[in-house]
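# Structure at a glance
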Amino acid sequence: MPRSGTSLEIPSPTFTPTASTKRSEGIIEKLCVLVVIGVDDQGRKHLLTLENGTRESTQSWREVLIDLKSRGMNEPLLAIGDGALGF
């Protein structure tokens, strides 16, 4: 999403969590990145957001959606997810 206040029409964004683990000094930490990719009416892909999530939770996705809306994302016609928790 453009941060300049301009609007971008994305009819069907794709919501994808990416989970991974990180090992540091013998401590294993779970990581979750929430990714939203949109395709405009010309077929061009746009990375709308890449957010650090505490986990694949309803609250994490809610915060991502609130941020996208505040940056001008219109209500999508179709939202596509991968069946992960919280979406």
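The structure we're discussing is the one just above.
Here we summarise the structure given alongside this text.

## Quick word on the overall build of the protein
Each helix and strand counted, the protein has one helix and four strands in total. Mapped in sequence order, the helices and strands of the protein form the string β-β-β-α-β. A burial count over the protein gives 26% of its 87 residues as buried. Just so you have it, the protein exposes about 6000 Å², and 53% of that area is on carbon and sulfur atoms.

## Overview of unusual backbone geometry
Positive phi, normally seen in glycine, also occurs at Glu25, with a value near 55°. Within the element layout of this structure, Glu25 appears in the loop between strand S1 (14-24) and strand S2 (27-39). When its relative accessible area of 80% is taken as the criterion, Glu25 is described as exposed.

## Regarding the nonpolar core
Ile10, Phe15, Cys32, Leu34, Val36, Leu48, Trp61, Val64, Leu68 and Met73 form the largest nonpolar core, which has 10 residues in total. Secondary structure elements with two or more residues in this core: S2 and helix H1 (58-70). Excluding residues within four positions of it along the chain, Val64 makes contact with Leu34, Val36, Thr49 and Glu51.

About the criteria used
Residues numbered from 1 in each chain as written. Predicted model: local features only at pLDDT ≥ 70, side-chain atom pairs only at ≥ 80, totals over all residues. Heavy atoms only, no water. Helix = DSSP H or I, 4+ residues; strand = E, 2+ residues; numbered from the N terminus. Buried < 20%, exposed > 50% of the residue type's maximum accessible area, 1.4 Å probe, protein only. Areas by Shrake-Rupley, 256 points an atom, 1.4 Å probe, with all protein chains shown as cover. Core = buried A, V, L, I, M, F, W, Y, C linked by side-chain atoms within 4.5 Å. Contact = heavy atoms within 4.5 Å.

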